Amino acid sequence: MIIAVTSIALMKSFSWNASVTHFCRSIQESEDKAVILNELHEGVLVYAKNGKLLFSNNAAWDLIGDIPITLEDFKSVLRTRVRDVNIFTADLQDSFSRIGSLRSDKNMARVAPEVQNNDEEICEGHQLDLWINKIARKDSKQSVFKFECIYSFIEELRQDTLSIEVVVRRTNFGGQRCICVMINDISKMKEVIQLKGLDHYKDMLLASVTHELRTPLNCIIPMIEEVIKDSSVPNTIRESCLNPAYMSAKLLLNLINDILDLSRMKRNNLRLNLRHFNVVEHATEIMKLFELQCRHKGLQLNLIHGEGLPITIFSDPDRVGQILINLLSNALKFTSRGGITLYIEPNKKDKSKISYR
């Protein structure tokens, strides 16, 4: 689910830059601008050359609260309400690239050399002031820039914060040169990116832990095998203690391998180890892992293979074993009396294949 939500959020982010250009073209060509702009999910503020507000849509009110009625008011809002600013500049295709991060008063003046004020330390809002002034100048080659920030509400009824993305662009509106401000809520996208990062670290931790668990098991299992082969060990000890311990360790190792496979699948790194193996012998070894549990529940465990079954098949015995373990585990879980029977038969439609049930 996290992957599906992440894909939707990233697609929305990629379409944002294109929507800026499309929007500016629309407000120049459309006769009924207000209707179009009020249908947008992004907030829109349009300021005239003299700084007077020409237009604002409903989404702008929802995103930033009180609408600044002049461009100076908008700058004042930025000076008092934004923090953790990331500034991006655009090339001719409006593809934005990050040029700096404004996170403290001390590093503000180092972000954009062409708009530095070296006489005093300037705050994030003042730095954005300089960028807006640069966009507003008619002779400026810079016609658009974007920034991301944390926007704080200070109204009595709303004391929270919001992650927003703002594009400031010089364009035409109603036949006159103006400054267009588009505001987009990116809080959900930020949360999705953070969750994706946490999911990545969770997978790394899971893979590391399972590798550490498998290391001692790879030592324990061969040692138990050697003790079982020792003829001096009494049969009663072998049947009552060593065999159950061996089967339990093998079952735990299979479970750990399943977890590792899940981690590999998420990294698209799962590979099959194809080879020829004996069908009946392989199924018998898998069923031995459940003999102790069936004995404790008083269940019979049987294996039946049909006529015409090939002796060997070409497949991945580890993956086939995982399927059989899951099949038998469910059968053991939901069977309280009687027994469990595993059938292996040639596939009725394709004799080169076999079926387990």
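About the cut-offs
- Residues numbered from 1 in each chain as written.
- Predicted model: local features only at pLDDT ≥ 70, side-chain atom pairs only at ≥ 80, totals over all residues.
- Heavy atoms only, no water.
- Helix = DSSP H or I, 4+ residues; strand = E, 2+ residues; numbered from the N terminus.
- Buried < 20%, exposed > 50% of the residue type's maximum accessible area, 1.4 Å probe, protein only.
- Lys, Arg positive; Asp, Glu negative; His and termini not counted.
- Salt bridge = Lys/Arg side-chain N within 4 Å of Asp/Glu carboxyl O.
- Polar contact = N/O pair within 3.5 Å; in protein donor to acceptor, adjacent residues only side chain to side chain.
- Phe/Tyr/Trp six-rings, centres within 6.5 Å; stacked < 30°, edge-to-face > 60°.
- Lys NZ or Arg CZ within 6 Å of the ring centre and 35° of its normal.
- Axes fitted to C-alpha atoms, helices over the stretch in contact; angles between N-to-C directions.
- Parallel < 35°, antiparallel > 145°, perpendicular 65-115°, else oblique.
- Left-handed = near helix turned anticlockwise from the far one by under 90°.
- Contact = heavy atoms within 4.5 Å.
- Nonpolar A, V, L, I, M, F, W, Y, C, P; charged D, E, K, R; others polar.
- Patch = residues over 30% accessible without salt bridge, like charges linked within 9 Å, V, L, I, M, F, W, Y side chains within 5 Å.
- Areas by Shrake-Rupley, 256 points an atom, 1.4 Å probe, with all protein chains shown as cover.
- Expected span 1.5 Å × (residues − 1).
- Bend = angle between axes of the 7 residues up to and from the residue.
- Arc of directions from axis to C-beta.

Student: Help me understand the side chain of R238, please; the structure alone is not making it clear to me.
Tutor: Looking at the secondary structure, you find R238 in helix α7 (residues 235-266). Here R238 sits buried without a salt bridge, and the closest side chain of opposite charge, E239, lies 6.1 Å off (N-O distance). Of the polar contacts made by the side chain of R238, one reaches the backbone oxygen of D230; its length is 2.8 Å.

Student: Would you explain the packing of aromatic side chains in this entry?
Tutor: Centre distance and the angle of the planes are the two values used to describe a pair of aromatic rings. By the definition in use, this model includes 3 aromatic pairs. Taking the centre distance of 6.2 Å and the plane angle of 35° together, the rings of Y47 and F74 count as tilted. Within this pair, whereas Y47 is found in strand β1 (residues 43-48), its partner F74 is found in helix α4 (residues 71-81), the two being separated by 27 residues in sequence. Neither Y47 nor F74 differs from the other in exposure class; each is buried. Through successive ring pairs, a cluster of aromatic residues spans W131, F145 and F147. Over the face of the ring belonging to Y343 we find R357, whose NZ or CZ atom lies 4.5 Å from the ring centre.

Student: Explanation requested: the pattern of salt bridges in the structure shown.
Tutor: Side chains that carry opposite charge are capable of pairing whenever their charged atoms lie near each other. Applying the stated rule across the entire model yields 6 salt bridges. The residue R357 makes a salt bridge to E345 at a minimum N-O spacing of 3.2 Å. Placement of R357 in the segment after β12 (354-356) and of E345 in strand β11 (residues 339-346) is noted, with a sequence separation of 12 residues between them. A residue is classified by how much of its surface remains accessible, and R357, at 53% relative accessible area, is exposed. We classify E345 as partly exposed; its relative accessible area is 25%.

Student: Would you take a moment to explain the packing of helix α8 (residues 279-288) against helix α10 (residues 317-333) for this structure?
Tutor: The angle between the axes and the distance between the axes are what describe a pair of packed helices. Where α8 meets α10, the axes come as close as 10 Å, and the angle between the chain directions of the two elements is 45°. One element, α8, and the other, α10, form an angle in the oblique class. Regarding α8 and α10, the two cross each other, and that crossing is right-handed. Within the contact between the two elements, α8 uses H282, A283, I286 and M287 and α10 uses P317, V320, G321, L324, I325 and L328. Looking at side-chain class alone, the contact of α8 with α10 contains 8 nonpolar, 2 polar and no charged residues.

Student: Sorry if this is basic, but what is going on with a nonpolar patch on the surface here?
Tutor: Judged by side-chain polarity, L205, V209 and L213 come together as a nonpolar surface patch covering roughly 270 Å² of accessible area. Mapped onto the elements, L213 comes out in helix α6 (residues 187-229).

Student: I keep staring at α7 and nothing clicks. Help me out?
Tutor: Residues spaced three or four apart along an α-helix point in a common direction, a consequence of the helix completing one turn every 3.6 residues. Between its first and last C-alpha atoms α7 spans 45 Å; for 32 residues at 1.5 Å apiece the expected length is 46 Å, and the two agree. By the largest-angle criterion, L242 marks the main kink of α7, which is about 35°, and a proline, P244, follows within four residues. What α7 keeps buried is the set R238, L242, N243, P244, Y246, M247, A249, L253, I256, L260, D261 and S263. Elements that come into contact with the buried residues of α7 comprise α6, α8, α9 (291-297) and α10.

Student: Can you walk me through α4 in this structure?
Tutor: All buried positions along α4 are accounted for by L71, F74, K75, V77, L78 and R81. In a view along the axis of α4, the buried residues occupy a sector of 155°, so they form one face of it.

Student: Sorry if this is basic, but what is going on with the packing of α6 against α7 here?
Tutor: Direction vectors running N to C along α6 and α7 enclose 155°, while the axes themselves pass 8 Å from each other. One way to sum up the angle between α6 and α7 is to call them roughly antiparallel. Every pair of crossing elements has a handedness; the one defined by α6 and α7 is left-handed. Each residue belonging to the contact of α6 with α7 can be placed in one class, and the counts come to 17 nonpolar, 6 polar and 9 charged.

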